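# Inside the fold
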Amino acid sequence: MIRIRIIRRAPLPNWARIAIPVIAIIVTLILAAIPILIAGGNLWKSYYYLFYGALGTRFNILETFVKSSPLIFTGLAVAFAFRAKFWNIGAEGQLLAGAIAATWIGISFPGVPAFILLPVVLTGGFIAGGAWAAVPALLKTKLKVDDVVTTLLLNYVMMHIMGALLFGPLQQPGSSWPRSPEIVAAAKYPILLARSRFHMGIPLAFIAVFILWFINKRTVLGYQTKAVGVNIRAADFGGINTTAVILKTALISGGLAGLAGVGEVCGIQYHLLMDLSPGYGYSGIVIAMLGNLHPVGVMFSAFFFSVIIVGAQTMSRITGVPVYISEVIQGMALIIMLIAILFTEYKIKVAKR
Amino acid sequence: MIRDIFQITFITGLIGATLRMATPIIFATLGEIITERAGVLNLGIEGIMLMGAMTGFIATITSGSLWFGILMAAGIGMILALLMAFLSVYLGLSQHVSGLGITLFSTGLAMFVYRLHFGSPTVPPTIKPFDPVAIPLLSKIPVIGPSFFNQYSLTYISWILIPLMALLLYKTNIGLKIRTVGENPFAADTVGVNVNLTRTLSLVAGGALMGVGGAFLTIVNGNMFLIDVVGGRGWVSIAMVIFGNWDPLKGALGALLFGFLDGLQLRLQGLGFNVPFHLFLLIPYLLTIIALIGVSRHATYPSALLKPYRREEKGG
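Residues numbered from 1 in each chain as written. Chains lettered and ligands numbered in written order. Predicted model: local features only at pLDDT ≥ 70, side-chain atom pairs only at ≥ 80, totals over all residues.

## Re unusual backbone geometry
The phi angle at A:R195 is positive, at roughly 50°, despite the residue not being glycine. Looking at the secondary structure, you find A:R195 in the loop between α7 (147-166) and α8 (201-218). Using a count of 9 C-beta atoms within 10 Å as the deciding quantity, one classes A:R195 as exposed. One non-glycine residue with positive phi stands out, namely B:W246, at about 65°. Note that B:W246 resides in the loop between α10 (233-243) and α11 (248-270). Judged by C-beta crowding, with 22 C-beta atoms within 10 Å, B:W246 ranks as buried. (Helix = DSSP H or I, 4+ residues; strand = E, 2+ residues; numbered from the N terminus. Buried ≥ 20, exposed ≤ 12 C-beta atoms within 10 Å, placed from the backbone.)

This is the structure:
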């Protein structure tokens, strides 16, 4: 009989930590051939159009960057929370909270110049997302309510709050569609490159990557969140106010997710809509894990999934493989990455006896 | 409008709707209870329910048999639970992330397969769902009859499953094994219980129940598959497990509470209040959170929940 034992191993060198997600991505792309073949797609053609659709032309590349902006924000949001073992699975709801705040500000203050309105919109979206994440953080720290369940359920609460607003006070007058009026021009993100949708939210996302890297590496809060994540009781014993740390983590995490929502309203749609987010909050979980919870890792993995999401549309149009292949790939990637992480911490020994 | 609430027909309808809406939650809650009692949190529940909903629907439409649909939904739930067992039990990966991985993967797969099978028709295909089964004599009792005893067979089955699950967990040798594995796997191992196998079988049994809970939404109380057909009911079930303190009877009570809120919001919508219907839709989720706040301080989680069992790492 063969026995499989899992044994803890010494920490891997740094290059391995970069290699592991790359290997996970390659394995995912190989395994993605199964659903593509089942769907009757020609493999080479499918993969060709997947990458052509995302990177084949100037416009496609810029679209991939556009798509990566919300994914970087939600990825950072989830990564920052998971680092402290605050299970924020509510980035989707926090994104919507940010979007609602941005819309409300964006339609309420005509005549205010952009250099004032844009910072207000950003701050408002950040605070709204952060506040929505603070609710489960407070419930967790003060009343011991499980954060997984509350963050998840609050997604549905926020989704229906948005629905109620879009069929109520935020609905465009005279319209029967669940859609807000257009935000004023001063609240729109400037388009930075001609003949594209490449808006201010993209450099903002990269700045956020740097800020998060700085917080993690160079600030007391970064050290504290890590300590809380590794062992909350030890952190508490060591004199860290863990309640405050979790609350700050939630505010930053939710705020980042909120900024994803601001970007979708002010950079892309200019209206609030029911299907504003095709699950960016949930994709953030995959992105955070594939990025090893590291801001730079998040940036790369967000870009990879952006390629998949944008490319899947072209691939689907040309080969007929359902566009949901991108969701399947995201789920597969998370599971495979999880297995890959195991190899960084454990050795698998197969012994015959 | 307000007077309508106190009409007999409204009350009968509300009780009936409560029991109907509670059924998928009862199935999923019982499934999650047996899983967590063995020490595994299965966050794959939402995706497993969606796969159950999709699989049950397609199996029914291809075979023409509703019961075959239920069977296939249970089957897909078991397969996905096996995947969860591989990741979280045998590889010992984070139960949180494994479960979320299963949910994301299953959600994508459900939509992928549905689109593959049906293309994108302008009108979603429908099936002829189960008919309610009126129980002779009992269904003739005023108020109670039409609300309690004119339900779907699966609803009756869910009622039978509640005490059965309690019996299994508390009164049988298997139940004792499951609970020990969830409380103290090292002790269980010492007395010769196969910890990982027990956990796997609990996951698989739970997965079957979750799959059936999902199928209830597409082929019993409903006749089509929509992407948001499960709509967070898996997460609600996880909440109900905590609300019921891992007890089948109390968990089912929680499910009934959600069913009541869900039924109530449907009925209130029907009365034509002049507010957006989304305000009603959020009531069950909001009150589930509030119910959770009420019980969480006294919640007694299975001691070994979230902890993978590795014999070599005792006390680690």
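## Let's talk about the interface of chain A and chain B
Think of interface size as the accessible area that goes away when the parts come together; that is how it is often given. If you look at the interface, chain A gives 40 residues, while chain B gives 38 residues. Looking at the side of chain A that touches chain B, the elements that each hand over two or more residues are α6 (114-143), α7, α12 (280-290) and α14 (325-345) of chain A. Residues of the side of chain A that touches chain B, tallied by class, amount to 31 nonpolar, 6 polar and 3 charged. (Contact = placed C-beta atoms within 7 Å. Nonpolar A, V, L, I, M, F, W, Y, C, P; charged D, E, K, R; others polar.)

## So, the confidence of the model for chain B
In regions of low pLDDT, the predicted coordinates are not meant to be interpreted in detail. Predicted confidence across chain B gives a mean pLDDT of 92, with 97% of residues reaching 70 or more. With pTM at 0.94, the complex prediction returns an ipTM value of 0.93. (pLDDT = per-residue confidence, 0-100.)

## Some thoughts on the environment of A:Y346
Residues and elements named next belong to chain A. As for its position among the elements, Y346 is in strand β2 (residues 346-352). Judged by local crowding, Y346 falls into the partly exposed class, with 16 C-beta atoms found within 10 Å. In the structure, Y346 is positioned 339 residues away from I7 in sequence and 5.2 Å away in space, judged by C-alpha atoms.

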